[in-house]
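For reference, the chains in residue letters:
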Amino acid sequence: MSDVDHPEARDLPEATAAQVATDLPEAVGRRLKSGAWSSGLSVADFAACVSMGLRPLALVQGFCAMQWSAYAMSGGSPWGSRPTAGSPQGAGAPYASAGSGSGYNETWPCPHGIASIEHRWGGNYEQPWAEHAWSQGFGSAYTRMVEEAQEAGAHGIIDVVDTSRYLSEQSVIEFHVTGTAVAVEDSPAPPAPWSTYLAGQRLAKLFEAGFVPVSVAAAMSSVLMWPNCQTEYLLRGTGGWGYSYGGEIEQVINADTAVRRLARAAVRSQLGSDTLHGARFAVTRHTGNMGGHVVECTLRGTRVRRFKDFDPIPAARPTVRLS
Amino acid sequence: MTEAADLPEATRHRLEELEHGLFTSDLSVNEFLLVKHAGFHPLGFVMGSSIYHTGIQTRRWGKSQELTKLTEAMYNARELAMTRMEEEAQELGADGVVGVRLDVNYYEWGRDAAEFIALGTAVKAEDGTSYLNAQGKPFTSDLSGQDFWTLMQTGHVPQALVLGTCVFHIAHRGLAQTLGTVGQNVELPNFTQALYEARELAMTRMQDEANRLGATGIVGVRLEEKSHQWGSHTIEFLAIGTAVTKGTGAATLPVPTTIISLDN
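The structure displayed is predicted, hence computed values, not measured ones.

### Concerning the overall build of chain A
Within chain A, the regular secondary structure consists of eight helices and eleven strands. Looking at the 323 residues of chain A, the share that counts as buried comes to 52%. Considering only contacts within chain A whose residues lie at least 6 apart along the sequence, 73% involve residues at least 24 apart. Surface summary for chain A: the accessible area is close to 14,700 Å², and the carbon and sulfur share equals 54%.

Structure follows, in C-alpha cells:
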C-alpha cells in the first residue's frame, strides 16, 4: 500500500515493519504487538467468550475503498465482467459473487399491443458487474481482516460485522469488516483462522449443538428492473387508462424473487458440504444510474460444520418479565 | 477555570449536598439494582465539561495526512472534560464512575468551538475495598449497570475509559487518477490506505492509554467517525472502550439458563 504522511509510521523499526503482513499498514503491526488486547465484544459476549475458553487477542479489521462504476468493462462486457487481476476472489473463498452462474434476464412485452412512447417493453436484468464489484470489495476487506488475525496468532474471528457505505466522492464505496480475534486456550493455532458472525451465547449454543464455525459466507446479488408500461402503471397505483387495479405486480415480484434466489445460489456455492447458520437477507432498492429500479439483496450467514452429536439442551424455564 | 483543578462553586455546593446521603444518578432501576448487587453504591451524578476552540489546520488537497493540531485539540478537550468529571467523583470519595457518556455539542454562537461533556454516575464499593485504578484515580467506564455487573462476575475490574483519536485528511483524487479508472470497478488504494492508517492510529493510541494503566484488555471497543465541521474529506476517527484488568477474585459467572418468555 502507498505511503501516508504520519510520524509514527516512519518511526517504526525496520524489523517490526518487516513482520507486518505485506498488504497491511505498518500501524497494524504496532497495534497488534502492544500489550493490551482490545475487543469489540459487549461485556456479555466477552463473559461468554471467557466461559468457552476463548481468549480475545485483538480487534481486527479490514477495509477496501472501491470505485463503483456501472460501466465497468474489466475483462468482459458490462453485463458479464469479472473482477480485475489480483483480486482475492477465487474458488472456495467465502465471498464468491452472485453472478458466477448463468445470468438472470427476463423481458416484459407491452400487454396492450400498442406501439407508442408510453407503451413500451420492460425487462429484469441481473447486474453481474455490481455483484463482482461487491465481492471484490468485501473480499479484499475480509482478507485483510484475516491477515490481521493471523498476525495476532488467532485461532478464529468472532463477532464479525461487515458494512459498506458511500464515501464523500461519488461512486466510491468503502467496505469495512471488523471482528474480534480469539485464541483457544492451550491449543496450537490452525493454519488459517475460522470466522463467524456469531459471538457470546449464540456461539456457545452452536458449539453445544455440535457445530463449529468455518467462515462467514456472504454474497450480494443485483437485479435492474426496467418496468414495462403495465408495471409502470401499477407502480403508480393505476391499472392504465385511469382505472384502479388491485393485484400482483408480476415484474416486481419476479425481480424480488430472482434477487433472493441469486444471492442464495451464490452463498450455497461457497458452502461445499457444510451448512449455513443464521442466514440473514437484507434487501435494498434504489434508482439505477441510468434509470430503472435496482433491487439488491445481501445474504450473510456463518458456514458451520458438524463435529459431534447434538448435546441435549436442558428444558427451558418459563419466565414472565415484570417490566 | 484554566485547568482541571478548579471546580465551579455551584458544583462544590451540589457535591456537598450529595455527601449527606442523598444520591442522584442516571442509572435505570435495573442498572441501579445490578450495581448494588455487584457491591457498589451510587454516590452521585458527576460531569465534566470543556468548551474548546478547535481551530483550523491547513491541509494539502492531494495528500492524505493526519492533522495533528486538530487531533491534539480533540484529545485535549475530551481529556479536560473527563478529568473534571473524575475530579467531581474524587470529591465524593468515589471508587469509580459507571455509565460514562462522552458527547460533543456545537453551538451557533461559537464557530469552530465545541463543548465536550463527560457524564456518569460515581459509585463506591460498599465493603470498603478500594477500586482506584493504577493512577490512584476513580475508575471510569462506559459500561451500563448490567454490563458492569457482568464484568465483575468474570473476575475483571474496569480501569478507565480509554480513547484514541486521529483527525485525518483524506486526499482528493486528481484528474489523472480519476480518468485512469473511468469505467472500472477497482480498489482505490489511496483511500483504503488513508482510512486504514487513520483508524489504526486511533486504535493504537487507545491501546497505548490502556497499556499505561497496566490494563490487560479493552472491552466494548467502538470505532466512531465524524467530519464535525471540517468538510467531508477531513474525518475524526475515535476509538473508545473500557480498559480492564484481571481482579483478585475468581470468576463467578452463573451458568446461563434457557428460558421461554411467557410475555407477548
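### Observations regarding the overall build of chain B
Helix and strand content of chain B: six helices and nine strands. Reported as C-alpha extents along the three principal axes, the dimensions of chain B are approximately 70 × 50 × 45 Å. The buried share of chain B, reckoned over its 264 residues, is 53%. Only carbon and sulfur atoms are counted for the fraction: they give 54% of the accessible area of chain B, which is about 11,700 Å². In chain B, 20 positive and 33 negative side-chain charges are present, and the distance between their average locations comes to 8 Å.

### Quick look at the environment of B:I240
Residues and elements named next belong to chain B. Looking at the secondary structure, you find I240 in strand β8 (residues 234-246). Classification of I240 as buried rests on a relative accessible area of 2%. Ignoring anything within four residues of it in the chain, the contact list for I240 reads L102, L161, V162, L163, M206, G220, V221 and R222.

### Side note on the packing of aromatic side chains
Overall, the coordinates contain nine aromatic pairs over all chains when judged by the stated rule. Note on B:F40 and B:F139: the rings are 6.3 Å apart at their centroids and 90° apart in plane angle, and the pair reads as edge-to-face. Taken together, the residues B:F40 in strand β1 (residues 40-53) and B:F139 in strand β5 (residues 139-140) connect sequence positions 99 residues apart. Ring centres 5.1 Å apart and planes at 70° place the aromatic pair B:F40 and B:F148 in the edge-to-face group. Here B:F148 lies in helix α4 (residues 145-153) and B:F40 lies in strand β1, a separation of 108 residues in the sequence. Taking relative accessible area as the criterion, B:F40 reaches 1% and is therefore assigned buried. Counting every residue linked through ring pairs, the aromatic cluster contains A:W134, A:F138, A:Y142 and A:F175. A:R280 extends its terminal NZ or CZ atom over the ring of A:Y197, reaching a point 5.3 Å from the ring centre.

### A closer look at the side chain of A:Q251
All names here are of chain A. Mapped onto the fold, Q251 is located in helix α8 (residues 250-271). Polar side-chain contacts of Q251 include one of 3.1 Å to the side chain of N124. At 3.2 Å, the side chain of Q251 and the backbone nitrogen of N228 are in polar contact. Contacts of Q251, omitting those with residues within four sequence positions, involve W108, G122, G123, N124, M225, W226, P227, N228 and T231.

### Examining the nonpolar core
Membership of the largest hydrophobic core comes to 29 residues, with the highest contact counts inside it found for B:M85, B:L92, B:F116 and B:A122. Of all elements in the fold, only α1 (9-18), β1, α3 (68-91), β3 (96-106), β4 (113-125), β6 (156-169) and β8 of chain B reach the threshold of two or more residues within this core. A total of eight residues in this core trace back to one element, the largest contributor, which is α3(B). The contact partners of B:F116, leaving out residues within four places of it in the chain, are B:G48, B:S49, B:S50, B:Y52, B:M74, B:A77, B:R78, B:A81, B:D103 and B:V104. With 28 residues, the next largest nonpolar core counts A:F138, A:A149, A:A183 and A:Y197 among its residues.

### Observations concerning the interface of chain B and chain A
Of the residues lining the interface, 60 residues belong to chain B; the matching set on chain A comes to 65 residues. Both faces considered, chain B and chain A share a buried interface measuring about 5,300 Å² in area, 56% of it formed by carbon and sulfur atoms. Between the two partners, chain B and chain A, sit three salt bridges. Close ionic contact of A:E174 with B:R199 constitutes a salt bridge, the shortest N to O distance being 2.7 Å. Elements with a minimum of two residues in the side of chain B that touches chain A: β2 (65-66), α4, β6, α6 (189-212), β7 (217-226) and β9 (259-261) of chain B.

### Some points on the environment of B:Q146
Residue and element names in this part refer to chain B. Looking at the element boundaries, Q146 is found in helix α4. Q146 sits in the partly exposed class, given a relative accessible area of 30%. If we ignore the near neighbours within four places in the chain, the residues touching Q146 are N30, E31 and L34.

### A short note on the sheet that holds strand β7 (residues 194-195) of chain A
Residue and element names in this part refer to chain A. Strands sit in the order β2-β6-β5-β7 across an open sheet of four strands; the sheet is mixed. Each end of this open sheet is capped by a strand with a single partner; those strands are β2 (54-67) and β7. Pairing between strand β5 (residues 156-166) and strand β6 (residues 172-184): nine bridges, direction antiparallel. In the sheet register, Y166 faces β6, and the bridge partner there is I173. Seen against the sheet, helix α4 (residues 43-51) touches β2, β5 and β6 and runs at an angle of roughly 125° to β2.

### A look at the sheet that holds β2(B)
Pairing is mixed across the open sheet formed by five strands, whose spatial order is β1(A)-β7(B)-β8(B)-β6(B)-β2(B). Only two strands of the sheet have a single partner each, and these edge strands are β1 (37-38) of chain A together with β2 of chain B. Pairing geometry for β2(B) and β6(B), over two bridges, is antiparallel. Within β6(B), the position partnered with B:E66 by the bridge is B:F168.

### What to know about α4(B)
Every α-helix carries 3.6 residues per turn, so stepping three or four residues along brings you back to the same face. Residue and element names in this part refer to chain B. Counting buried positions along α4 yields seven of nine residues, so the element is predominantly enclosed. What α4 keeps buried is the set G145, F148, W149, T150, L151, M152 and Q153. Positive backbone phi, at 85°, marks G155, one or two positions downstream of α4.

### Things to note about the confidence of the model for chain A
All names here are of chain A. A residue-level look at chain A finds 75% of positions with pLDDT of 70 or above and a mean pLDDT of 78. The spread of mean pLDDT over the elements of chain A runs between helix α1 (residues 7-10), the lowest at 32, and β7, the highest at 96. Per-residue pLDDT stays below 50 along residues 72-93; that stretch engages in 39 contacts with residues further than four places along the chain or on separate chains.

### Quick word on unusual backbone geometry
Residues and elements named next belong to chain A. The backbone of D159 sits at a positive phi, close to 55°, despite the residue not being glycine. Tracing the sequence through the fold places D159 in strand β5. In this model, D186 sits at a positive phi of 55°, which is unusual for a non-glycine residue. D186 sits in the exposed class, given a relative accessible area of 81%.

Each value, and the rule that gives it
- Residues numbered from 1 in each chain as written.
- Chains lettered and ligands numbered in written order.
- Predicted model: local features only at pLDDT ≥ 70, side-chain atom pairs only at ≥ 80, totals over all residues.
- Heavy atoms only, no water.
- Helix = DSSP H or I, 4+ residues; strand = E, 2+ residues; numbered from the N terminus.
- Buried < 20%, exposed > 50% of the residue type's maximum accessible area, 1.4 Å probe, protein only.
- Contact = heavy atoms within 4.5 Å.
- Areas by Shrake-Rupley, 256 points an atom, 1.4 Å probe, with all protein chains shown as cover.
- Lys, Arg positive; Asp, Glu negative; His and termini not counted.
- Charge placed at Lys NZ, Arg CZ, Asp CG, Glu CD.
- Phe/Tyr/Trp six-rings, centres within 6.5 Å; stacked < 30°, edge-to-face > 60°.
- Lys NZ or Arg CZ within 6 Å of the ring centre and 35° of its normal.
- Polar contact = N/O pair within 3.5 Å; in protein donor to acceptor, adjacent residues only side chain to side chain.
- Core = buried A, V, L, I, M, F, W, Y, C linked by side-chain atoms within 4.5 Å.
- Buried area = accessible area lost by both parts, 1.4 Å probe.
- Salt bridge = Lys/Arg side-chain N within 4 Å of Asp/Glu carboxyl O.
- Pairing = 2+ DSSP bridges.
- Axes fitted to C-alpha atoms, helices over the stretch in contact; angles between N-to-C directions.
- pLDDT = per-residue confidence, 0-100.

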